[in-house]
Each structure stands twice: as structure tokens, then as C-alpha cells.
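Here's the letter readout for the chains.
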Amino acid sequence: WEIMYVGDPLYKPFGAGRAPFSPLQPVNSFQLSPKEIVGGVNSTGTISLSAPAPPGGTTFSLRAPGGVSMPSAVTVPNGAQKVSFPITTTAVSQSQFGLITATSGSVTLQNTLVTDPLLGTFVAALTTTMAGLPVGVTAILNGPAPTGGAAISLSSDNAAITVPATVTVPAGSSIA
């Protein structure tokens, strides 16, 4: 028999490397839920500390790019380890990646919020056709249409292809 080791021999997932294993050390973190959203939909930010906040709490100043709104600062209360805050966005015409930064003293936490447009894509039922024959096309949204539906304006840059002026995705649906 021969023993073969595969992997990095310097990797030590358990501190000292032998029983009793060292427990994982808590760390400060910043989470977004959800992390990817359709513009105009809300998200929630949560800052978690590795230890309870001291008397008076721990205050974080918050910065975000344009189109993302949230409080300018939040405080983890005395003795608590978490604070959550609302994040609102505006509609966008293309995907945007916004870096959100939370800073308190020497601690800087960052996370990226991805904001997508409501309109995702169009999918044709056929990839080729003959002149004069209709082709079905499906409009797909990145999320459910809002109350009242989502009206999509259509046009063609080819005079031989005619399309309706608009198509409406019904409220709550993501395809039409």
C-alpha cells in the first residue's frame, strides 16, 4: 500500500491542526439581503460585530453610490452584536454594481449591491424563418411586474420586421 496526499500541505483549517481543534474566531461582517435586486426594490444591510458593542454602542458611517439610499449612519447598541438597516434603490437601465462601505474607527466593512434593470431579455421561438411568416418572441423580466403591469415599448431597426408598439407583462408575472 502507498499513501498519497493531495492538496496544500501548509493548509491548516483547524488552528493548531490537532484535537482539540481551535474554534473559529468570530469576525466583523457586513451582509446584504438580497445582494442582487431589480432597481426600485429594497434590500436590507446587516452589520455584525465579533463581540458585543461597548457602552454607548458602535456607530458606523455609511456610504453608497448614486441610486442607492440608506441612513448616513447606524449604531450597534450597547451589548448587541448586530444592527440592520433598510436600503432602497431606483430603477436602472443596465446592471450596476454599487460598493457600499460601513466605517467605524479603524474598522471598514464593504459589500457590493447588484442592481439590475426590470427588463431582462427577449427570446425568439425560432432562430430562422422565411419572409412573411410570424415569429413568436417572449419578453422576460428580471423580477415580477409591479401592480398595473410593466409596459415594454418595442421597435425594429429593420423595415421588413414589424412589431407591436408595446407589450405588457401582467402584474406579478415575469414573462409576456
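Up top is the structure.
The rules behind the values
- Residues numbered from 1 in each chain as written.
- Predicted model: local features only at pLDDT ≥ 70, side-chain atom pairs only at ≥ 80, totals over all residues.
- Heavy atoms only, no water.
- Core = buried A, V, L, I, M, F, W, Y, C linked by side-chain atoms within 4.5 Å.
- Buried < 20%, exposed > 50% of the residue type's maximum accessible area, 1.4 Å probe, protein only.
- Helix = DSSP H or I, 4+ residues; strand = E, 2+ residues; numbered from the N terminus.
- Contact = heavy atoms within 4.5 Å.
- Patch = residues over 30% accessible without salt bridge, like charges linked within 9 Å, V, L, I, M, F, W, Y side chains within 5 Å.
- Areas by Shrake-Rupley, 256 points an atom, 1.4 Å probe, with all protein chains shown as cover.
- Salt bridge = Lys/Arg side-chain N within 4 Å of Asp/Glu carboxyl O.
- 1 Å grid on protein atoms, 1.4 Å probe; cavity = no way out; pocket = protein on both sides within 12 Å on 5 of 7 lines; lining within 4 Å.
- Points joined across faces, edges and corners; volume = space filled by probe spheres on them.
- Nonpolar A, V, L, I, M, F, W, Y, C, P; charged D, E, K, R; others polar.
- Pairing = 2+ DSSP bridges.
- Axes fitted to C-alpha atoms, helices over the stretch in contact; angles between N-to-C directions.

## Regarding the nonpolar core
- Counting residues in hydrophobic clusters, the biggest one holds 19 residues, and the most contacted among them are Ile47, Phe60, Phe85, Ile87 and Ile100.
- Of all the secondary structure elements, the ones that give two or more residues to this core are β1 (29-33), β4 (58-63), β6 (73-76), β7 (82-89), β8 (96-104) and β9 (107-116).
- Leaving out residues up to four positions away in the same chain, Ile100 has contacts with Phe30, Leu32, Arg63, Ala64, Val68, Met70, Ile87, Leu109, Gln110, Asn111 and Leu113.

## Notes on a nonpolar patch on the surface
- There is a patch of nonpolar side chains on the surface, built from Leu119, Phe122, Leu126, Val135 and Val137 and spanning about 390 Å² of accessible area.
- With respect to the helices, strands and loops of the structure, Val135 is situated in the loop between β10 (119-124) and β11 (137-141).

## What to know about the layout of surface pockets
- Of the voids in this model, the largest pocket is the one considered here, and its volume is about 630 Å³.
- Taken together, 20 residues line the largest pocket, and the ones lying closest to its centre are Val135, Val137, Ile161, Thr162 and Val163.
- Within the residue set of the lining of the largest pocket, elements represented by two or more residues are β10 and β11.
- Top contributing element to the lining of the largest pocket by residue count: β11, with 3 residues.
- Classifying every residue of the lining of the largest pocket by side-chain character gives 16 nonpolar, 4 polar and no charged.

## What to know about the pairing of β9
- Summarising the sheet, strand β2 (residues 36-38) and β9 pair through 3 bridges and their orientation is parallel. Looking across to β9, one finds that Val38 is bridged to Asp116.
- Pairing of β8 with β9, which is carried by 9 bridges, proceeds in the antiparallel orientation. Bridging from a neighbouring strand, Thr101 pairs with Gln110 of β9.
- Here β8 folds back onto β9 in antiparallel fashion, the turn holding 2 residues, of which Gly105 has a positive phi close to 60°.

## Notes on the sheet that holds β2
- Taken in spatial order, the 5 strands line up as β2-β9-β8-β4-β6 in an open sheet, and their pairing is mixed. Both edges of this open sheet fall to β2 and β6, since each of them pairs with a single strand only. Ignoring which end each strand starts from, the neighbouring axes of this sheet average 30° apart.

## Description of the environment of Ile87
- Inspection of the secondary structure assignment puts Ile87 in strand β7.
- Residues Ile87 and Leu113, spaced 26 residues apart in sequence, show a C-alpha to C-alpha distance of 9.8 Å.

Nothing here speaks to function; it is geometry throughout.
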